[in-house]
Amino acid sequence: MRFFQRCAAAALFTFLLANAAQSSSDLELAGLKAAIERARQEQLNALAPTNFAAALRAYETALKDQERRRDGERIRARIQEGENALRAAERNAMSARESLSGTLKAREDALAADAPGHAPEAWSKANERFLQAMASNEAGDLGNAQRRAAEAQVLLRDVELTAIKNGILGEARTLIAQADEAKVERFAPRSLQASKRRLADAEQEIQRNRYDLALPRRLAADARYEAHHALYLARLIERTLQEKDDRAGVEVLILSVEEPLQRMASGMEISVQFDRGFQEPLKELGEHAQQQAQELRRLKLELEEREDRVAALEAQAQRLEARLGGVSEERIALQRRLDAQDRLRANVAAISGSFTPDEARVERHGDDVVVSLLGVGFPSGRSTIGPESAALMQKVQKALALFPDAVIAVEGHTDANGGESANLILSQDRADAVRQYLGTQFGLDPEKISSIGYGEARPVATNETAAGRARNRRIDLIIHPEGRN
């Protein structure tokens, strides 16, 4: 019995010892794998390819031995072999960084330009020469390493430049090639040549300084645009010339250009004519756009000035509070003014967002709010508010509810069509109709509502266009929030 117990104990000890050895080799193998990954991240696979490959082979052999339940000592020997190879790789990499730094920098720059993606064939050739140089350095053949490294450096700088050009210019080159294949030059030669010039300029700038790419990128973007433009123009012109009557097709093309310009002019409320070509209308549109830009700048400055005044009032309130150490009538009055300004700004913003551009335009004139109603439906020459205006008037009611103590002036305006006297009477009748509507439908105090008609005397837009006349036919509600007349 004791014999069997001793045998069982010996067997258990052997089993535990084997498992312990297995567990130890597992940890060592995992450590070697982690070391190889760190070496790869530090680019030892490129700087010391021979030793790195030896370490990788040793790891793979040890892994297979473990899977086949080979002797633990054999596995540890392979692990030690891999560790030794990695240490040698680290020494050789350090040597390469010191003696072959120019070539290493060239390779880093090529990778930064994504040479493997943008110039794969040239990159493969240059990288192969680089690896040969690193292998010679590992073997201690420094002369051969220096020679191959110099060759690799030239190749890597060339492939870096190629990759930069391909990355920035590739799309433009493809578009130009498509345009050439489609024979775009027959119909849009100027646009296509402009694209090619921009591409050539971009390539020249990259050649001149590959590390300052802001200008080449802009030129490449221009080249892409001109190529797209040329392709579009060629398709449009070719399709137009394929019409049954070539001359009619050209007329359709010209009219298709005039139409959006005419809509733009109408939106700007200016009148343009194309009977003498495009130059004069385009000049008028440009001048009007400049005027609008100047007006926008003026309004921004005015807004900034108002914000500065509000900030000054707030600063004054703080100074008063600090000086008086508490509440005073002067401070209370100032705070009320600030609160009123805040409410007014919030109300104007709310009203502006409630109307569409075709329904009304909301402006602030000092402490007053002007709501120009463009969508009130009056039949031509009459002053009755039609039922189609009910939805708009409901919005007006909500807007006026924000100013419960306000005094309201209703102003009627017409366009210049018709006689001046008739327009004056019509505008007064329409203003009276709106005043009555505010009183009867909204329940506002008639004593706080006045009405006056100005006829065609106060236009806000040209009467030369339909859009301008529509803006002039309006009802202005002048809201005095503080209840002043």
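On a predicted model such as this, the values are computed, not experimentally measured, just so you know.

## A word on the pattern of salt bridges
With the rule as written, the count across this model stands at 18 salt bridges. For Lys196, the salt bridge identified is with Asp180, shortest N-O distance 3.1 Å. With Lys196 in helix H9 (residues 189-208) and Asp180 in helix H8 (residues 142-181), this residue pair connects regions lying 16 residues apart in the sequence. Judged by its relative accessible area of 27%, Lys196 falls in the partly exposed class. In this structure Asp180 comes out as partly exposed when scored by relative accessible area, which is 38%. In this structure, Arg473 and Asp415 form a salt bridge, with 2.6 Å as the shortest nitrogen-oxygen distance. With Arg473 in the loop between helix H16 (466-472) and strand S5 (474-480) and Asp415 in the loop between strand S3 (407-413) and helix H15 (420-440), this pair connects stretches of sequence that are 58 residues apart. Arg473 gets classed as partly exposed once you look at its relative accessible area, which sits at 38%. Salt bridges sharing partners connect three or more residues here, namely Lys105, Asp109, Arg157, Glu160 and Arg210.

## Quick word on unusual backbone geometry
Here the phi dihedral of Gln43 falls at roughly 65°; this positive angle occurs in a residue that is not glycine. Structurally, the position occupied by Gln43 is in the loop between helix H1 (2-41) and helix H2 (44-47). For Asp114, which is not glycine, the phi torsion reads 60° and is therefore positive. You can see Asp114 is positioned in the loop between helix H5 (101-112) and helix H6 (115-118). Exposure remark for Asp114: the relative accessible area of 37% places this residue in the partly exposed category.

## Comments concerning the layout of surface pockets
As a volume, the largest pocket reaches approximately 1,400 Å³. Secondary structure elements with two or more residues in the lining of the largest pocket: helix H12 (279-324), helix H13 (329-354) and strand S1 (360-365). Ranked by residues supplied to the lining of the largest pocket, first place goes to H12 with 15 residues. In the lining of the largest pocket, the residues fall into 17 nonpolar, seven polar and 19 charged.

## A word on the confidence of the model for the protein
The share of residues in the protein with pLDDT of 70 or more is 89%, and the mean pLDDT across the chain is 83. For the protein, H1 is the element with the lowest average pLDDT, namely 62, and H6 is the one with the highest, namely 95. A low-confidence stretch, residues 1-21 (pLDDT under 50), is modelled with one contact involving residues beyond four sequence positions or located in other chains.

## Considering the pairing of S3
Burial analysis of S3 places seven of its seven residues in the buried class, the great majority of the element. When S3 meets strand S4 (residues 449-453), the two strands line up parallel, connected through five bridges. Each bridged residue has a counterpart across the sheet, and for Ile408 the counterpart in S4 is Ile449. This β-α-β element, S3 to H15 to S4, shows right-handed connectivity.

## Considering a nonpolar patch on the surface
A cluster of nonpolar side chains, contributed by Leu241, Val250 and Ile254, occupies part of the molecular surface with about 210 Å² of accessible area. Structurally, the position occupied by Val250 is in helix H11 (residues 246-267). A relative accessible area of 36% places Val250 in the partly exposed class.

## A few points about the sheet that holds S4
With mixed pairing, the five strands of this open sheet are ordered in space as S1-S2-S5-S3-S4. Each having just a single partner strand, S1 and S4 make up the two edges of the open sheet. Ignoring strand direction, the axes of neighbouring strands in this sheet form an average angle of 20°. Sheet contacts for H15: S3, S4 and S5; angle to S4, the most-contacted strand, approximately 165°.

## Regarding the pairing of strand S2 (residues 368-373)
Within S2, six of the six residues are buried, leaving the element largely enclosed by the surrounding structure. Alternating positions in S2 separate into two faces, Asp368, Val370 and Ser372 on one and Val369, Val371 and Leu373 on the other, with burial throughout. With six bridges connecting them, S1 and S2 associate as antiparallel partners. Note on S2: the bridge partner recorded for Val362 is Val371.

## Things to note about the packing of H8 against H9
Interhelical geometry of H8 versus H9 gives an angle of 170° and a closest axis separation of 11 Å. Classed by the angle they form, the pair H8 and H9 counts as roughly antiparallel. Where H8 approaches H9, its residues Leu161, Ile164, Lys165, Ile168, Leu169, Ala172, Arg173, Ile176, Ala179 and Asp180 are matched on the opposing element by Leu192, Ser195, Lys196, Leu199, Ala202, Glu203, Ile206 and Gln207. Across the contact of H8 with H9, the residue classes tally to eleven nonpolar, two polar and five charged.

## With respect to the environment of Leu392
Position of Leu392 among the secondary structure elements: in helix H14 (residues 390-401). Residues Leu392 and Glu359 lie 33 residues apart in sequence; the distance between their C-alpha atoms is 7.0 Å. What Leu392 contacts, discounting residues up to four positions off in sequence, is Phe355, Glu359, Gly375 and Val376.

The rules behind these values
- Residues numbered from 1 in each chain as written.
- Predicted model: local features only at pLDDT ≥ 70, side-chain atom pairs only at ≥ 80, totals over all residues.
- Heavy atoms only, no water.
- Salt bridge = Lys/Arg side-chain N within 4 Å of Asp/Glu carboxyl O.
- Helix = DSSP H or I, 4+ residues; strand = E, 2+ residues; numbered from the N terminus.
- Buried < 20%, exposed > 50% of the residue type's maximum accessible area, 1.4 Å probe, protein only.
- 1 Å grid on protein atoms, 1.4 Å probe; cavity = no way out; pocket = protein on both sides within 12 Å on 5 of 7 lines; lining within 4 Å.
- Points joined across faces, edges and corners; volume = space filled by probe spheres on them.
- Nonpolar A, V, L, I, M, F, W, Y, C, P; charged D, E, K, R; others polar.
- pLDDT = per-residue confidence, 0-100.
- Contact = heavy atoms within 4.5 Å.
- Pairing = 2+ DSSP bridges.
- Right-handed = clockwise from strand over helix to strand, strands pointing away.
- Patch = residues over 30% accessible without salt bridge, like charges linked within 9 Å, V, L, I, M, F, W, Y side chains within 5 Å.
- Areas by Shrake-Rupley, 256 points an atom, 1.4 Å probe, with all protein chains shown as cover.
- Axes fitted to C-alpha atoms, helices over the stretch in contact; angles between N-to-C directions.
- Parallel < 35°, antiparallel > 145°, perpendicular 65-115°, else oblique.

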